[in-house]
Amino acid sequence: MGFLVTVFTLGICYPWALTMIYGWRINHTVVDGHRMQFSGTALGLFGSWIKWLLLSIITIGIYSFWVRIKLENWRVSHTSFVN
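Conventions used here
Residues numbered from 1 in each chain as written. Predicted model: local features only at pLDDT ≥ 70, side-chain atom pairs only at ≥ 80, totals over all residues. Heavy atoms only, no water. Helix = DSSP H or I, 4+ residues; strand = E, 2+ residues; numbered from the N terminus. Contact = heavy atoms within 4.5 Å. Core = buried A, V, L, I, M, F, W, Y, C linked by side-chain atoms within 4.5 Å. Buried < 20%, exposed > 50% of the residue type's maximum accessible area, 1.4 Å probe, protein only.

Details of the environment of Met 20
Here's step 1: Tracing the sequence through the fold places Met 20 in helix H2 (residues 14-27).
Here's step 2: Each C-alpha atom, one on Met 20 and one on Gly 40, is 9.4 Å from the other, the two residues being 20 residues apart in sequence.
Here's step 3: Dropping the residues within four chain positions of it, Met 20 is found in contact with Met 1 and Gly 2.

Structure (structure tokens):
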């Protein structure tokens, strides 16, 4: 589903697809009896995504090596345990 959304919108909705996939995976994960919760939103990721895209274009793709790390940091910062 996320792939189709990304393809049909030419990548504009990629943050929405990521948050949809991350949300499903994380919200259905239980660690030591504690359910995890994902609080990230597509709108929250969209600004960072545009910034990373522009930096990748400006640096002729060099910054794209760090995008995966930045994206992982964003995902982890929006993941928590439910009490």
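A closer look at the nonpolar core
Here's step 1: Formed by Leu 18, Tyr 22, Ile 26, Met 36, Phe 38, Leu 45, Trp 49, Trp 52, Tyr 63, Val 67, Leu 71 and Trp 74, the largest nonpolar core amounts to 12 residues.
Here's step 2: Elements represented by at least two residues in this core include exactly H2, strand S2 (34-38), helix H3 (42-58) and helix H4 (64-77).
Here's step 3: Excluding anything up to four places from it in sequence, Phe 38 contacts Thr 19, Tyr 22, Gly 23, Ile 26, Asn 27, Trp 74, Arg 75, His 78 and Thr 79.

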